[in-house]
Amino acid sequence: MKTWKMILAGTLLSALTAQAAVSNKELKIGISQEFENLNPLIMTMSATSYMYSMVGRTLVTLSPDGKWVPQLAKSIPSLENGQAKLSADKKKIIATWEILENAKWSDGKPVICEDFNFARTVASSPNVSIGEKETYTQVEKIEVDKANPKKCTFTYEKARWDFYQLARFFPLPKHMEEPVFTKYGKAKEGYEKNSSYTKNPTAKGLYNGPYQIAEVKLGSHVTFVPNPEFYGTAPKIQKIIVRLIPNTGTLEANLRTGEIDTIGTLGMAFDQAVAFDKKVKSEKLPFDVQFKPSITYEHIDLNLGNPILKDLKVRKALVHAINRDELVKALFDGRQTAAVHNMAPIDPWFTADPKKITLYPYSRREAGRLLDEAGWKMNAADGFRYKDGKKLSFVFMTTAGNKTRETVQTFLQQQWKDAGVEMIIKNEPAKVYFGETMKKRKFPALAMYAWVSSPESTPRSTLHSASIPSEKNGWSGQNNPGWVNKEVDTAIDALDTEFDAKKRVELAHTIVKAYTDEVPVIPLYYRSDVAVTPKGIQNFRLAGHQFSETNEVENWEIK
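About the criteria used
Residues numbered from 1 in each chain as written. Predicted model: local features only at pLDDT ≥ 70, side-chain atom pairs only at ≥ 80, totals over all residues. Heavy atoms only, no water. Helix = DSSP H or I, 4+ residues; strand = E, 2+ residues; numbered from the N terminus. Rg over C-alpha atoms; globule rule 2.2 N^0.38 Å. Buried < 20%, exposed > 50% of the residue type's maximum accessible area, 1.4 Å probe, protein only. Contact = heavy atoms within 4.5 Å. Areas by Shrake-Rupley, 256 points an atom, 1.4 Å probe, with all protein chains shown as cover. Patch = residues over 30% accessible without salt bridge, like charges linked within 9 Å, V, L, I, M, F, W, Y side chains within 5 Å. Salt bridge = Lys/Arg side-chain N within 4 Å of Asp/Glu carboxyl O. Phe/Tyr/Trp six-rings, centres within 6.5 Å; stacked < 30°, edge-to-face > 60°. Lys NZ or Arg CZ within 6 Å of the ring centre and 35° of its normal. Core = buried A, V, L, I, M, F, W, Y, C linked by side-chain atoms within 4.5 Å. Pairing = 2+ DSSP bridges.

**Some remarks on the overall build of the chain**
Logical step 1: A tally of regular secondary structure across the chain gives 17 helices and 22 strands.
Logical step 2: Expected size for 559 residues packed as a compact globule is a radius of gyration near 24 Å; at 24 Å, the chain falls within 12% of this value.
Logical step 3: Expressed as lengths along the three principal axes of its C-alpha atoms, the size of the chain is roughly 80 × 75 × 45 Å.
Logical step 4: The buried share among the 559 residues of the chain stands at 55%.
Logical step 5: The contacts in the chain between residues at least 6 apart in sequence include a share of 69% that link residues at least 24 apart.
Logical step 6: Total accessible area on the chain stands at roughly 23000 Å², and carbon and sulfur atoms take up 52% of it.

Have a look at this one:
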């Protein structure tokens, strides 16, 4: 006991010493998710987006207050302010954008409209794999003002109500990347493999945000230093190191020993954060644990190409067999909410009205009835169900090393076992899981992960049948279950161009009705953002949506 107390005292002293050392000179952030190269067109992983927000900016963004605000743009065009207008046939929108006078790349070259035009050209190439190609292709053409290279007219292929939400339309520095694209762009994945972001990510000129990259070690860390050419508020913190710690179980230890100073939203598992919050208060540790309900939706994709999962009764039985209310209560202290579909309660389009969607309350009896009807009969000898001599068994995948997901996986595995369904757990490192298995739909049955978006976001990339990744479309799109529903396709297409807010809500409800009726995905829970910060940090705000807190990194200051 005496030894333990000494270790504890030493740990506390280390934590206090580490906190005392935290200053604007250096901040070390711990994340648990792997990252890829920081080419903004190619990146698909959340950790990469988290870091790219420190070095790259685009025309607009969504603030933590939920408001669209300009970033690189002088203002946001709208029909009301006259900077946007409908085409003569009212089928398109034409908007004028103007980039800030002092917006520059990190080599001092100005950010100009041609940088957006070039990004659109690269993204449109069939040889380049883009996670959200539609973000770029929705812009039919960009015409640059001959008298002002920072002023241009965007013609959108459709008259979309949300045309101005171009927060993922990142420019590329044409003066650096065009030679690469010209040389390698005709080969499949040739541009991705030879981009400067891949071969020389610390090169000056690749970034236009408050920081630039000083060092990249894939699988380990990325070091950021202020970009002297940044157009906005000069960063206060002189060096930021984002350190990858894949095992969420060791994040707290790293925090206590000063290996890291803060844990971002992609770090500590939620249940760990709840437990750590209690320790912070009881041990008076020099940290704050911050929580904020978010738009993030944890779920399980069902591969609809799996012969067993093609049966709707089986899919419905899988949902009825799990107790999601008990899951969030047992694992998250009731501080996260059981999900009913893909839209979170903080989204204005959310509904849980049973007249508008199909709900699946926990019922082992109903799950059993559906499976019996589907021909899967219980074998009392081993407690599993069989049909034509074959066991009802699935491979259940998620990211290896994520403690929360692995705990949830075990919880669900037991509940499905109680219903006679076998789940074989097969997890992979995030880089393989997202970069290969999910991207190419190689998961055989069930795959658990999260979606994050912005409120009132059309789910085209995740639910439209044209967004099913395939070799033919260069593995673009994120409809990983492979769901095809013509009514949903039509509603998504209509949603894009509906300027009446009430009608948009009706269309959104049409989508979630079909989503809950046909169960291409099993909803689990809506997550809250959580971060651990050192006491004294100023202007650190959790976002609660797809644009992380690093979108305001230049405002952070430690006092």
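**So, a nonpolar patch on the surface**
Logical step 1: Residues Leu 79, Leu 86 and Phe 499 make up a contiguous nonpolar surface patch of about 230 Å² in total accessible area.
Logical step 2: Note that Leu 86 resides in strand β4 (residues 84-86).

**Overview of the packing of aromatic side chains**
Centre-to-centre distance and the angle between the planes together describe a pair of aromatic rings.
Logical step 1: Evaluation of the coordinates by the stated rule reveals 28 aromatic pairs.
Logical step 2: Ring geometry for Phe 116 versus Phe 169: centroids 5.9 Å apart, planes at 40 degrees, classification tilted. Here the residue Phe 116 occupies a position in helix α3 (residues 113-124), and Phe 169 occupies one in the loop between β7 (148-156) and α5 (174-184), the gap between them amounting to 53 residues.
Logical step 3: Put simply, the rings of Trp 68, Trp 97, Phe 116, Tyr 136, Phe 154, Tyr 156, Phe 163, Tyr 164, Phe 169 and Phe 547 pair up and form one aromatic cluster.
Logical step 4: Cation over ring: Arg 335 sits above Phe 291, and NZ or CZ is 4.2 Å from the ring centre.
Logical step 5: A cation sits over an aromatic face here: Lys 391 above Phe 384, 4.6 Å from the ring centre.

**Digging into the nonpolar core**
Logical step 1: Counting residues in hydrophobic clusters, the biggest one holds 76 residues, and the most contacted among them are Ile 300, Phe 394, Leu 412, Trp 416 and Leu 446.
Logical step 2: Looking at which element gives the most residues to this core, the answer is strand β20 (residues 521-534), with 7 residues.
Logical step 3: Ranked by size, the runner-up nonpolar core spans 74 residues in total, among them Ile 31, Ala 84, Val 122 and Tyr 211.

**Looking at the pairing of β7**
Logical step 1: With 6 bridges connecting them, strand β5 (residues 93-98) and β7 associate as antiparallel partners. Considered in β7, the bridge of Thr 96 is made with Thr 153.
Logical step 2: Sheet topology places strand β6 (residues 139-145) next to β7; 6 bridges connect them, and they run antiparallel. Across the sheet, Lys 141 pairs through a bridge with Thr 155, a residue of β7.

By themselves, these figures tell us nothing about what the structure is for.
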